[in-house]
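# Chains, contacts and geometry: an overview
Listed below, chain by chain, are the residues.
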Amino acid sequence: MLYTVSLKDSKVFSRLYKKGRFVADSSVVAYYMQNKLPVNRLGITAGKKLGNAVTRNRAKRILREAYRLNEMNYPIGYDIVLVAREGIKYKKTNELFGYFNRLAKEMNKAK
RNA sequence: CGAGUAAGCUAUACGGCAGCGGACGCCGAUUGAUUUCGGCGGAUGAGGAAAGUCCGAGCAUCGCAGAGCAGGGUAGCUGCUAACGGCAGCCGAGGGCGACCUUAGGGAAAGUGCAACAGAAAUAUACCGCCGCGCAAGCGGUAAGGAUGGAAAGGCGAGGUAAGAGCUCACCGGGGUGCAGGAGACUGCACUGCCAUGUAAACCCUACCCGAUGCAACACCGUUUGGUUCAGUAAAUUAUUAACGUCGGCUCGGCGGAUUUGCUGUUAAAGGUGGCUUGAUCUGUGCGGCGACGCACAGGCUAGAUAGAUUGCCGUACACGACAAAACUCGGCUUAUCGGCUUAGUCGCAUU
RNA sequence: GGCCCGUUGGUCAAGCGGCUAAGACACCGCCCUUUCACGGCGGAAACAUGAGUUCGAUUCUCGUACGGGUCA
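For the structure given in this document, a descriptive report is provided here. Worth saying up front: this structure is predicted, and the values here are computed from it rather than measured. (Residues numbered from 1 in each chain as written. Chains lettered and ligands numbered in written order. Predicted model: local features only at pLDDT ≥ 70, side-chain atom pairs only at ≥ 80, totals over all residues. Heavy atoms only, no water.)

Our next topic: the pairing of strand β4 (residues 40-45). Pairing analysis gives 3 bridges linking strand β1 (residues 4-6) to β4, with the strands arranged parallel. Across the sheet, the residue bridging to S6 is L42, located in β4. The pairing of β4 with strand β5 (residues 78-84) spans 5 bridges and is parallel. For G43, the partnering residue across the bridge sits in β5 and is V81. (Pairing = 2+ DSSP bridges. Helix = DSSP H or I, 4+ residues; strand = E, 2+ residues; numbered from the N terminus.)

Counting 24 residues, the largest nonpolar core has L63, I80, L82, F100 and L103 as its most contacted members. Listed by contribution, the elements that provide at least two residues to this core are β3 (28-34), β4, α2 (53-69), β5 and α3 (97-110). In contact with L82, not counting residues within four places along its chain, are V28, V29, A30, L42, G43, I44, T45, L63 and F100. The next biggest cluster of nonpolar side chains, apart from the first, holds 8 residues, and it includes V12, Y31, V81 and V83. (Core = buried A, V, L, I, M, F, W, Y, C linked by side-chain atoms within 4.5 Å. Buried < 20%, exposed > 50% of the residue type's maximum accessible area, 1.4 Å probe, protein only. Contact = heavy atoms within 4.5 Å.)

This part is about the pairing of strand β2 (residues 21-24). Across 4 bridges, β2 lies against β3 in antiparallel orientation. Across the sheet, residue V23 finds its bridge partner in β3, namely A30. In sequence, β2 turns back onto β3 through a hairpin of 3 residues.

This paragraph deals with a positive patch on the surface. On the surface, R15, K18, K19 and K36 cluster together into a positively charged patch. Inspection of the secondary structure puts K36 in the loop between β3 and β4. The exposed category is assigned to K36, whose relative accessible area is 83%. (Patch = residues over 30% accessible without salt bridge, like charges linked within 9 Å, V, L, I, M, F, W, Y side chains within 5 Å. Areas by Shrake-Rupley, 256 points an atom, 1.4 Å probe, with all protein chains shown as cover. Salt bridge = Lys/Arg side-chain N within 4 Å of Asp/Glu carboxyl O. Lys, Arg positive; Asp, Glu negative; His and termini not counted. Charge placed at Lys NZ, Arg CZ, Asp CG, Glu CD.)

Neighbouring RNA strand B are 15 residues; V54, R58, R61, R68 and N94 lie closest to it. Side-chain polar atom of R64 to a phosphate oxygen of RNA strand B: 3.4 Å apart, as the coordinates give it. Residues belonging to the surface near RNA strand B are distributed by class as follows: 4 nonpolar, 4 polar and 7 charged. (Near = heavy atom within 4 Å. Polar contact = N/O pair within 3.5 Å; in protein donor to acceptor, adjacent residues only side chain to side chain. Nonpolar A, V, L, I, M, F, W, Y, C, P; charged D, E, K, R; others polar.)

Right, let's talk about the pattern of salt bridges for a bit. In the structure shown here, the tally under the stated rule is 1 salt bridge. For E65, the salt bridge identified is with R68, shortest N-O distance 2.8 Å. Placement of the pair is E65 and R68 together in helix α2, with a separation of 3 residues, close to one helical turn. Since its relative accessible area comes to 41%, R68 is described here as partly exposed.

Let us look at α3. Here α3 is 14 residues long and its end C-alpha atoms lie 20 Å apart, about the 20 Å a rise of 1.5 Å per residue gives. Of the surrounding elements, those touching the buried residues of α3 are β2, β3, α2 and β5. (Expected span 1.5 Å × (residues − 1).)

Strand order in the open sheet made by the 5 strands is β1-β4-β5-β3-β2, with mixed pairing throughout. The open sheet terminates on both sides in strands that have one partner only, identified here as β1 and β2. Neighbouring strand axes in the sheet, compared pairwise and without regard to direction, differ in orientation by 25° on average. Sheet strands in contact with α2 are β1, β3, β4 and β5, and its direction is about 155° off that of β4. (Axes fitted to C-alpha atoms, helices over the stretch in contact; angles between N-to-C directions.)

Laid out in structure tokens, this is it:
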């Protein structure tokens, strides 16, 4: 990905859950917040409730791919956490584009 | 043609564009250094169960001063194997017309415990009954019959008897002894004679096996901080067949005197690197063995991540794609699973 | 990734291989009260699942499913 690195620090995750803005859908919730860095940081979560390893890995792959294909639309300098929900099990990447466009609009407005 | 049995193989396929993981090569920058960063390229990248973690091993660390007890496991025999609770062949038992399948399958005359309810009685004490004696009450004999039960004095038939009883005999079943066969489990034959329920996935006994902990092991590098662990040394206090610590849980026994404070070195600690994939390896051929498996030769290198890599879009084909994702590595077991294919036996029906 | 436990009415829970499987709260019906509560009487309701051992299994053994704990 062009200007995005992965987000690994659990402190940042909890800060986002507490203080970040969010946009929700039946299949995914996104939390975002400015980070004052020249890149975006992306974290993806798929909890145990979702299913077994196969299901969770697939959810993560689909979210990562959908983000990658829409990367140009987002403002730079944000931490983003995508949380997978039940609905994602039966979705394909291009079915999520509507949601990701809404997210991009919200983020640009907030800026 | 139908039904059924056993063994094995396979796990959507092909193509285009974009993307991800770890190597490799080339180019550019950088560094003491293939050090670090970027770009490009063509290869390569999850399973038969990767799962459950039920066994067994490798590897690593700890302990090595031992002995006994305790604890855990296995249980027909002979083999295979690095090892196993696995596998193969065979034996016994059970099931199926058969191909074939199942089998925790040592010991109950070493000891202890338990066997509810029912039943007269549960391992032996006669309720009804039967027979003998007696007027009767009752006494004696008797396990054939009744009734209870999972189990009631080996079963059944004949002889025998007052009535009965392995009391005697034939057959079946079981125990013991002898002989023969086999590597052995065991099998066959002969003689003898019914010595006495079940439960050992109840305690237990017998034989054999087992050190503990696990890659979050462990080794190395190491910042802020900190002064924990270990070693050496100095001082103080206390003590000397003792107490305390340690040697897996206990006992004996062994070893070290112990505690506090100071100093010196070492170590722990965010994080990083190694461990991490060439191996009891895979493929093919030949040979040995009924088989599990072994040996020889030739060839191959086939994921190594660390928030954790296989995706998205599209085209074509059909049977329209199940269960499911490596995390130190192997050998098994168990469980989940859409289907498809191959081979070898069996039974039934029909035809020649 | 490794290791260790548990599963019994709606909930919390006892249970020596032999029961009709305790008990409490909750629920239902009746009584008490002017009524509600308290109290009294009665009732319905369960051994996670599949095999095995045993005459007999909630209990013993093995497999499976689910839930929980623990090690950085």
